[in-house]
Amino acid sequence: MGNIRLTNKSRGDRMSELINNREHRKQIVKDVIRKLHEGASVDEVKEQFAEVLKGVSANEITIIEGELIKEGLPVEEVQRLCNVHAEVFKGSLEEIHHPEQTPGHPVYTFKQENRAIEKHIEENIKPDLEKFKQDDSKENIDNLIGDINLLWDIDKHYSRKENLIFPYLEKYNITAPPKVMWGVDDEIRAMIKDIKLSLMDYKGNKDEIVEKTNKAIHEIKEMIFKEENILFPMALDTLTEDEWISIYDDSDEIGFCLIEPETEWRKRRAEAKKEVEKEIEKEATKTSEDYIKFETGYFTVEELESMLNTLPVDITFVDKNDTVKYFSQGKERIFARTKAVIGRSVQNCHPPASVHVVEKIVEDFKSGKKDHEDFWIKRGDKYVLIRYFAVRNKDGEYLGTLEFTQDIAPIKAIEGEKRLLSD
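Rules used throughout
- Residues numbered from 1 in each chain as written.
- Predicted model: local features only at pLDDT ≥ 70, side-chain atom pairs only at ≥ 80, totals over all residues.
- Heavy atoms only, no water.
- Helix = DSSP H or I, 4+ residues; strand = E, 2+ residues; numbered from the N terminus.
- Buried < 20%, exposed > 50% of the residue type's maximum accessible area, 1.4 Å probe, protein only.
- Contact = heavy atoms within 4.5 Å.
- Pairing = 2+ DSSP bridges.
- Axes fitted to C-alpha atoms, helices over the stretch in contact; angles between N-to-C directions.
- Polar contact = N/O pair within 3.5 Å; in protein donor to acceptor, adjacent residues only side chain to side chain.
- Patch = residues over 30% accessible without salt bridge, like charges linked within 9 Å, V, L, I, M, F, W, Y side chains within 5 Å.
- Areas by Shrake-Rupley, 256 points an atom, 1.4 Å probe, with all protein chains shown as cover.
- Salt bridge = Lys/Arg side-chain N within 4 Å of Asp/Glu carboxyl O.
- Phe/Tyr/Trp six-rings, centres within 6.5 Å; stacked < 30°, edge-to-face > 60°.
- Lys NZ or Arg CZ within 6 Å of the ring centre and 35° of its normal.
- Core = buried A, V, L, I, M, F, W, Y, C linked by side-chain atoms within 4.5 Å.

1. Topic: the overall build of the protein chain
- Counting its regular elements, the protein chain contains 16 helices and seven strands.
- A buried classification covers 40% of the 423 residues belonging to the protein chain.
- Excluding contacts between residues fewer than 6 apart, the proportion of contacts in the protein chain whose partners are at least 24 apart in sequence is 66%.

2. Looking at the sheet that holds strand 7 (residues 398-407)
- Strand order in this open sheet of five strands is 4-3-7-6-5, and the pairing throughout is antiparallel. Pairing within the sheet leaves two strands with one partner each, and these edge strands are strand 4 (324-327) and strand 5 (372-379). Along the sheet, successive strands turn relative to each other by an average axial angle of 15°, direction set aside.
- Relative to strand 6 (residues 382-392), strand 5 runs antiparallel, the two sharing eight bridges. If you follow Arg-379 over to strand 6, its bridge partner there is Lys-382.

3. Digging into the side chain of Arg-344
- Position of Arg-344 among the secondary structure elements: in the loop between strand 4 and helix 15 (355-367).
- Leaving out residues up to four positions away in the same chain, Arg-344 has contacts with Glu-162, Asn-163, Phe-166, Pro-167, Glu-170, Trp-182, Asp-322, Thr-323, Val-324 and Cys-349.

4. Digging into the environment of Ile-145
- Mapped onto the elements of the fold, Ile-145 is located in helix 8 (residues 138-151).
- Given the relative accessible area of 15%, Ile-145 is considered buried.
- As a C-alpha pair, Ile-145 and Lys-196 span 51 residues in sequence and 6.2 Å in three-dimensional space.
- Apart from the residues within four sequence positions on either side, Ile-145 is in contact with Leu-199 and Met-200.

5. Notes on the side chain of Asp-364
- Relative to the helices and strands, Asp-364 is located in helix 15.
- Judged by its relative accessible area of 4%, Asp-364 is buried.
- Separated by 2.9 Å, the side chains of Asp-364 and Lys-360 make a polar contact.
- Those residues in contact with Asp-364, other than ones at most four positions away along the chain, are Lys-369 and Lys-370.

6. Concerning the pairing of strand 4
- Pairing of strand 3 (residues 314-319) with strand 4, which is carried by three bridges, proceeds in the antiparallel orientation. Each residue of the ladder has a partner; that of Phe-317, found in strand 4, is Tyr-326.

7. A few points about unusual backbone geometry
- You will see that Asn-173, though not glycine, has its phi angle at about 65°, which is positive.
- Classification of Asn-173 by relative accessible area gives exposed; the value is 69%.
- Non-glycine residue Asp-322 carries a positive phi angle of around 70°.
- Given the relative accessible area of 12%, Asp-322 is considered buried.

8. Remarks on a nonpolar patch on the surface
- A cluster of nonpolar side chains, Ile-292, Phe-294 and Val-301, forms an exposed patch at the surface whose accessible area comes to about 250 Å².
- One can find Val-301 in helix 14 (residues 301-310).

9. A few points about the packing of aromatic side chains
- Scanning the entire structure with this criterion turns up six aromatic pairs.
- Ring plane angle 55° and centroid distance 6.4 Å describe the contact between Phe-166 and Trp-182, whose orientation is recorded as tilted. You can see Phe-166 sitting in helix 9 (residues 154-171) and its partner Trp-182 sitting in helix 10 (residues 176-200), a full 16 residues away along the chain. Each member of the pair, Phe-166 as well as Trp-182, carries the same accessibility label: buried.
- Aromatic side chains Phe-294 and Phe-299 sit 6.0 Å apart centroid to centroid with 75° between the ring planes, which places their arrangement in the edge-to-face category.
- With relative accessibility at 23%, the residue Phe-299 sits in the partly exposed group.
- Above the ring of Tyr-383, the side-chain terminus of Lys-378 is found at 5.2 Å from the ring centroid.

10. A look at the nonpolar core
- With 47 residues, the main nonpolar core has Ile-165, Leu-199 and Ile-220 as its most contacted residues.
- For this core, the secondary structure elements donating two or more residues are helix 7 (106-134), helix 8, helix 9, helix 10, helix 11 (206-238) and helix 12 (241-254).
- Residue contributions to this core peak at eleven residues, all from helix 11.
- Not counting residues up to four positions away in its chain, the partners in contact with Ile-220 are Ile-117, Ile-121, Leu-151, Ile-154, Tyr-158, Ile-188 and Ile-192.
- Of all hydrophobic cores here, the second largest spans 17 residues; its members include Val-341, Ile-361, Ile-386 and Tyr-398.

11. Side note on the pattern of salt bridges
- Tallied over the full model, the rule gives 26 salt bridges.
- Lys-161 is the salt-bridge partner of Asp-185, the closest N and O atoms lying 3.1 Å from each other. In this pair, Asp-185 is assigned in helix 10 and Lys-161 in helix 9, connecting sequence segments 24 residues apart. Neither residue differs from the other here; Asp-185 and Lys-161 are each classed as buried.

What follows is the structure, given as C-alpha cells:
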C-alpha cells in the first residue's frame, strides 16, 4: 500500500509539474512577444527561446495574444508584430498535425485557393514583374496590371474568412486572432490597390512599384502561412459540423478566389439538416396566413420579407444591444452579408480600422445627439450612399440602428423628365 501511495503521489507531482511547465511556457512566450515589441531582433529571440517554442501550439498563441490585448497591448501593436510572430513560431507550428480535409469542405477550398494564389504569383506576377523591372514598356505595364487585377480576387477569399469563419470563432470568445488578421487583410487589400493605381498612373517610378509588389507578395505568403497553421487548425478544433455546413451554404454569397470548388461537399448530417428544414417549412406554411399587424396595415411574413427583398437597397438592422438582427436579401447586394452575421456584435462586423467610426455613430444615436449619419463612396462603377438612422419608438427610446445602402449612380445619371411607360 505504501508503494501504491508513493506511485499516486508521483503521478500527482508529474501532473502538477506539467501544468506548471505549461504556464511557465506561456509566460516565456509572452516575454518573447514583449521583447520583440521592445525592439529585439527575430534571430535573437529565436535563439534565446528555441527550446521553449518547440512546445507551443496554435491555440496557445491564440490565448497568449488574447491575454496581451486584454492587458492593454493595442490590437495594432499585435498586428504590427504578426509577421514576426509567424516567423518565430513557424518551426514549431509546422510540426502540428492537421486532419486531412474532404474536397469541397470550406477549409479544403480555402487551401485550394491559397495554392491558386501561390501559382498566380509564381507563374504570372513574378515573371511579369521581372520583365517590367528590365523594361517598363506599355506592354509590360499592361501585363502587370492584368496580373494585379486578377490578384484582387483575393478579396473574396478574405471576405469569406472575415464574414463566415470569424463570426463563429467570436461565439466561442476567440476574438484576438480575427481582429489581428482582419487588420492585416485590409493592409494587403490596400497594397494591391496602391500597386494598381501606381501602374495605371505610371510616372516612371519603376523601383518603387517593384518594391511595393514584392512587399505585397511577402505579406500574402505570410497570411497564407497564418491561415493554414493558426486559423484553420483553430477553427477545425472549435467549430461544429453544423457550423461548417452553414459556412459552406453561405460561401456562394461572397464567391471564390481564382478557383471554383471542384467537388460538392456532402455529409449525412448536411442531408439530414435539409430534411429537418423541409419539415419546418411544411409546418410554417400551415400558419403562413398569420398576419403581422401594424397601425397602418398588415402583412403575412412572406409578403413582408418579399417586399423588403424587392427594395433596390441593402437594409441591415442592429438592435439596442448592438446585435445584428436582420438584413435584406435583394437581388443585387452591394456589400456581402451572410446568415453568420445574425446575432453578431456590430463592432465585430467591421475592420479594426473603422470600428471607432461605428462605435461613435451608435454612441451618438443612443445619446440622442444625432438621428442619422450619411457617407458616400465610389465602388467600381457604383456610387454608394450609406445611410445610418437611429430607430426610436413613440416615446423616443432608442431601439437600434438601421443601415440603408444604395447605389445612387443610376439616380445621379437621371436628366430631364420621364412621363411615359417603358416599352
